[in-house]
Amino acid sequence: MIPADLLAHERTRVRTRREDGEPLTPATIKREERTISIRAWQARWDRAATTPDAVGRKWTHRLIPNLARWLAKPTLVLTYHLTQALSGHGCFRSYLAKRDRAEDSYCGYCMDPDDTAEHTVFACPRWLDDRARLTDILRRPPNAGDVEDILCGPCPADLPDDTESRRRVLAQFVINRRELTAMCESILSTKEADEREEQAHR
């Protein structure tokens, strides 16, 4: 969602322009002002990803750099585990160690020193089988740079003109998105179950 303060400013600008009697339709004014709000949010999003304390924001910014594209995507059900993968907040030892909920940041499966969302979802060899379907579809292992295209889908301007080709591209987008979500669900639900079992045996 667009931040509340930007929406409030947008509504004020719309009201002012309408009261000033601009010769544009209300829909056109709203559309123009929404574009300004999204640009302001994008600038804020880009700045926030560069601050020293922006660890989680940097990761999410890498996955979703273009807010206008994210807002224009077809409806997406953000599951609990997909949200963890996108935010970097979840059962990742690097995240937990920073909050004093884990002794260290090492991956419990491969002993990588930094068990981040990126490591878990895209790199840890423990989850190769969970990545197999998406790897087959992409013809290479998935990585963080694929997430925006998979979740947001093709830009309308990039779709083929031919109806059948367009249908195939959009059908593949649905499959890719479903498989990315399933991959995150499988990896993170299993990881959480393993973590609960480990805690029970302490």
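Residues numbered from 1 in each chain as written. Predicted model: local features only at pLDDT ≥ 70, side-chain atom pairs only at ≥ 80, totals over all residues. Heavy atoms only, no water.

- For the protein, the name recorded in an unreviewed UniProt entry is Reverse transcriptase, with Acyrthosiphon pisum as its organism.

## Examining the state of the cysteines
For step 1, the next point in the chain: Across all of its chains, the model carries 0 disulfides by this definition.
For step 2, the next point in the chain: The thiol of Cys110 is unpaired, and the distance to the nearest cysteine sulfur, on Cys107, comes to 3.8 Å.
For step 3, the next point in the chain: The exposure class of Cys110 is partly exposed, given its relative accessible area of 29%.
For step 4, the next point in the chain: The structure places no disulfide on Cys184, whose sulfur is separated from the nearest cysteine sulfur, that of Cys91, by 11 Å.
For step 5, the next point in the chain: Since its relative accessible area comes to 2%, Cys184 is described here as buried. (Disulfide = S-S within 2.5 Å. Buried < 20%, exposed > 50% of the residue type's maximum accessible area, 1.4 Å probe, protein only.)

## A look at empty space enclosed by the protein
For step 1, the next point in the chain: All told, the structure shown has 1 cavity of 30 Å³ or more when counted by the stated rule.
For step 2, the next point in the chain: Empty space within the largest cavity amounts to approximately 60 Å³.
For step 3, the next point in the chain: Lining the largest cavity, in full, are Trp59, Leu63, Leu82, Ala85, Leu86, Val121, Phe122, Val147, Leu180 and Cys184.
For step 4, the next point in the chain: Every element with two or more residues in the lining of the largest cavity is listed here: helix H3 (55-63), helix H5 (80-87), helix H7 (117-123) and helix H10 (163-200).
For step 5, the next point in the chain: Its residues assigned to classes, the lining of the largest cavity shows 10 nonpolar, no polar and no charged. (1 Å grid on protein atoms, 1.4 Å probe; cavity = no way out; pocket = protein on both sides within 12 Å on 5 of 7 lines; lining within 4 Å. Points joined across faces, edges and corners; volume = space filled by probe spheres on them. Helix = DSSP H or I, 4+ residues; strand = E, 2+ residues; numbered from the N terminus. Nonpolar A, V, L, I, M, F, W, Y, C, P; charged D, E, K, R; others polar.)

## What to know about the pattern of salt bridges
If the charged atoms of two oppositely charged side chains come close together, the side chains can form a pair.
For step 1, the next point in the chain: Within this structure, the stated rule accounts for 15 salt bridges.
For step 2, the next point in the chain: In this structure, the salt-bridge partner of Arg93 is Asp104, at a minimum N-O distance of 3.1 Å. You can see Arg93 sitting in helix H6 (residues 93-98) and its partner Asp104 sitting in the loop between H6 and H7, a full 11 residues away along the chain.
For step 3, the next point in the chain: A relative accessible area of 31% places Asp104 in the partly exposed class.
For step 4, the next point in the chain: The network of salt bridges with shared partners includes Arg13, Arg17, Glu22, Glu32 and Glu33. (Salt bridge = Lys/Arg side-chain N within 4 Å of Asp/Glu carboxyl O.)

## A few points about the side chain of Thr120
For step 1, the next point in the chain: Within the secondary structure layout, Thr120 lies in helix H7.
For step 2, the next point in the chain: If we ignore the near neighbours within four places in the chain, the residues touching Thr120 are Phe92, Asp115, Trp127, Arg131, Ile187, Leu188 and Lys191. (Contact = heavy atoms within 4.5 Å.)

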